[in-house]
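Geometric and topological summary
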Amino acid sequence: MARFRYVAKNMEGKVFRGLTEASAESSLQQQLSDQGLYLIKAKSAEPLRGRRSLQPKQLSEFSRELSILLSSGISIVRALEIMADEEGLSPQIRSVYADILTGIRKGGRLSEAMEEQNCFPDLMLGMIRSGEGSGTMDQVMRRLSLHYERDHRLREQVKSAMTYPFVLLVMSMAVIILIMTFILPQFEELFQEMEQLPAITEFLMAVSDFLITRWYVLLLVLCFLAAALRIIFKLGAVQRSSGYLKVHLPLIGKLNKIIYTARFSRTLSSLYSSGMPIVQALLTAGETVGNLYIEEQFEQAAALVQRGVPLSQALGEIDGFLRKLSSSIMVGEESGRLDSMLDSIAAGMEEEAEAATKRLVTLLEPVLICMMALIVGFIIIAVMLPIYESYGAIEGAA
């Protein structure tokens with residue numbers, strides 16, 4: 001299955017843009033036809049060879065620089081020329097800037113030139129289209145810069161908080177491997193002199209022997225499992241089930257709900273503030289949550305909003321967000337300040353996500369230490385048990 005970006009229209013002439021999977025363009029056309037849409041344009045959304053999607057930090061820097069230059073009265077072409085000539089740019093970023101500049105010089109819009117690169121998110125492309133239509137490109141780019149800067153900060157906070165548990169886990173595994181491959185073999189001669197070893201000792205020595213003599217088999221098995229899991233987790237059904245578990249597991253489920261709520265609120269606030277219609281903004285923001293189980297619920301939510309149901313009620317039906325989101329949006333709808341309310345929700349959720357991450361790490365540390373203690377304790381018992389039994393047998397014979 002390949003991914004396609006498409007532009008389509010319905011019978012009333014309303015334009016729809018989206019990203020979907022299909023085996024071929026003809027299959028995509030049939031899919032849209034079943035939905036009452038007529039395909040206008042479609043192109044592959046697979047990344048260009050050697051080119052990856054830009055990270056939030058890179059998107060923030062791009063938006064901030066372009067916003068500053070456009071606010072100074074410089075044309076988009078000249079702004080991109082300046083940005084492409086900056087020192088310290090990676091070859092990929094410089095290539096992206098140069099290709100965007102080429103597309104604009106050919107007469108295309110900035111959003112079209114960026115879309116051709118297949119490395120910019122739909123959120124950014126949608127907001128830039130809105131800015132091109134309203135003539136507020138500098139404001140839109142400034143808003144995008146803040147959005148991706150906050151997104152990058154939230155991601156870094158989560159990564160930083162998880163660094164210590166990850167290091168502790170790696171060190172624990174290294175200590176266990178060291179014991180199994182270097183320390184346990186020292187007892188092999190002693191154990192060979194004993195007639196009968198306890199079952200746990202025999203099992204442990206067999207594992208130790210396997211790690212020493214056939215470590216490559218374990219390495220091949222781990223590589224195979226990693227590749228198989230990578231393929232399996234790309235399946236839609238598996239991603240859907242995984243997404244469900246992420247928001248319903250004890251402890252970590254609450255943290256994920258906070259993160260998803262903060263990400264969605266920030267995205268919807270940016271889209272709505274840029275002038276994008278609420279239904280389109282809702283669908284676009286839903287695609288940025290990062291959880292397929294939640295994302296698939298947005299079609300129903302968008303349909304409810306189209307029928308006149310309040311946004312707060314439609315979002316209240318989505319499983320995976322905190323209830324605080326719908327109640328806060330209800331206040332914003334009643335006061336007529338939905339954009340500022342969404343921004344406030346996102347800021348509050350980001351602070352809660354940071355605090356919840358720290359609490360989770362605080363719980364993980366003793367759990368990992370206890371797991372390591374149990375494993376090492378098991379190894380010590382397996383080693384000492386036959387020695388203790390042999391001493392007992394000697395004393396009984398005496």
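Up top is the structure.
Residues numbered from 1 in each chain as written. Predicted model: local features only at pLDDT ≥ 70, side-chain atom pairs only at ≥ 80, totals over all residues. Heavy atoms only, no water.

Quick notes on the overall build of the chain
Counting its secondary structure elements, the chain contains 18 helices and three strands. Oriented by its inertia axes, the alpha-carbon framework of the chain measures out at about 100 × 50 × 45 Å. By residue count, 37% of the 398 residues in the chain fall in the buried class. A sequence separation of at least 24 residues applies to 61% of the contacts in the chain between residues at least 6 apart. Of the roughly 22,700 Å² that the chain leaves accessible, carbon and sulfur atoms contribute 59%. (Helix = DSSP H or I, 4+ residues; strand = E, 2+ residues; numbered from the N terminus. Buried < 20%, exposed > 50% of the residue type's maximum accessible area, 1.4 Å probe, protein only. Contact = heavy atoms within 4.5 Å. Areas by Shrake-Rupley, 256 points an atom, 1.4 Å probe, with all protein chains shown as cover.)

Looking at the layout of surface pockets
There is about 300 Å³ of room inside the second largest pocket. Along the wall of the second largest pocket there are 15 residues; nearest its centre are Ile176, Ile177, Met180, Val207 and Leu211. For the lining of the second largest pocket, the elements supplying multiple residues, two or more each, are helix 7 (137–183), helix 9 (199–213), helix 10 (215–232) and helix 18 (338–397). Counted by class, the lining of the second largest pocket contains 14 nonpolar, one polar and no charged residues. (1 Å grid on protein atoms, 1.4 Å probe; cavity = no way out; pocket = protein on both sides within 12 Å on 5 of 7 lines; lining within 4 Å. Points joined across faces, edges and corners; volume = space filled by probe spheres on them. Nonpolar A, V, L, I, M, F, W, Y, C, P; charged D, E, K, R; others polar.)

Let's talk about the packing of helix 12 (residues 252–273) against helix 13 (residues 278–286)
Where helix 12 contacts helix 13, the two axes come as close as 9 Å, and the packing angle between them is 145°. Between helix 12 and helix 13 lies a crossing whose hand is right-handed. Of the residues in helix 13, those in contact with Phe264, Thr267, Leu268, Leu271 and Tyr272 of helix 12 are Ile278, Ala281, Leu282, Thr284, Ala285 and Gly286. The class makeup of the residues in the contact of helix 12 with helix 13 is eight nonpolar, three polar and no charged. (Axes fitted to C-alpha atoms, helices over the stretch in contact; angles between N-to-C directions. Left-handed = near helix turned anticlockwise from the far one by under 90°.)

What to know about a negative patch on the surface
A cluster of acidic residues, Glu188, Glu189, Glu193 and Asp209, forms a negative patch at the surface. The topology assignment puts Asp209 in helix 9. (Patch = residues over 30% accessible without salt bridge, like charges linked within 9 Å, V, L, I, M, F, W, Y side chains within 5 Å. Salt bridge = Lys/Arg side-chain N within 4 Å of Asp/Glu carboxyl O. Lys, Arg positive; Asp, Glu negative; His and termini not counted. Charge placed at Lys NZ, Arg CZ, Asp CG, Glu CD.)

Thoughts on the nonpolar core
Counting 70 residues, the largest nonpolar core has Phe62, Ile100, Phe120 and Phe264 as its most contacted members. In this view, Phe264 contacts Leu282, Ala285, Gly286, Val289, Phe298, Leu315, Phe321 and Leu325; residues no more than four positions away in its chain are not counted. Residues Leu184, Phe191, Ile379 and Ile387 belong to the second largest nonpolar core, which totals 13 residues. (Core = buried A, V, L, I, M, F, W, Y, C linked by side-chain atoms within 4.5 Å.)

Overview of unusual backbone geometry
You will see that Asn118, though not glycine, has its phi angle at about 55°, which is positive. Relative to the helices and strands, Asn118 resides in the loop between helix 5 (110–115) and helix 6 (122–134). Residue Asn118 is classed as buried on the basis of its relative accessible area of 9%.

Considerations on the pattern of salt bridges
Applying the stated criterion across every chain yields a total of six salt bridges. One salt bridge connects Glu81 with Arg78, and the closest N-O pair in it is separated by 3.3 Å. Separated by three residues within a single helix, Glu81 and Arg78 lie in helix 3 (residues 76–84), roughly one turn from each other. A relative accessible area of 43% means that Arg78 is categorised as partly exposed. A salt bridge links Glu115 to Arg129; the nearest nitrogen and oxygen atoms lie 3.2 Å apart. Of the two residues, Glu115 is situated in helix 5 and Arg129 in helix 6; the sequence distance between them amounts to 14 residues. On the basis of relative accessible area, Glu115 is assigned to the buried category, the value being 10%. What emerges from the salt-bridge pattern is a single network uniting Arg78, Glu81 and Arg105.

Focus: the environment of Met171
Mapped onto the elements of the fold, Met171 is located in helix 7. A residue is classified by how much of its surface remains accessible, and Met171, at 52% relative accessible area, is exposed. Sequence spacing of Met171 and Arg214 is 43 residues, and the spatial spacing of their C-alpha atoms is 22 Å.

As for helix 9
With 15 residues, helix 9 should cover 21 Å at 1.5 Å per step; its first-to-last C-alpha distance of 21 Å lies within 8% of that length. Taken residue by residue, helix 9 has Thr201, Leu204, Met205 and Ser208 as its buried positions. Seen end-on, helix 9 carries its buried residues on one side only, within an arc spanning 95°. Residues of helix 9 that are exposed and angled more than 90 degrees away from the buried face: Ala199 and Phe203. (Expected span 1.5 Å × (residues − 1). Arc of directions from axis to C-beta.)

Structural notes on helix 6
Here helix 6 contains 13 residues, and its C-alpha end-to-end distance of 18 Å stays within 8% of the 18 Å for a straight helix at 1.5 Å per residue. Residues of helix 6 that are buried: Leu123, Met124, Leu125, Gly126, Met127, Ile128, Ser130 and Gly131. Positive phi appears at Gly135, one or two residues downstream of helix 6, with a value of about 75°.

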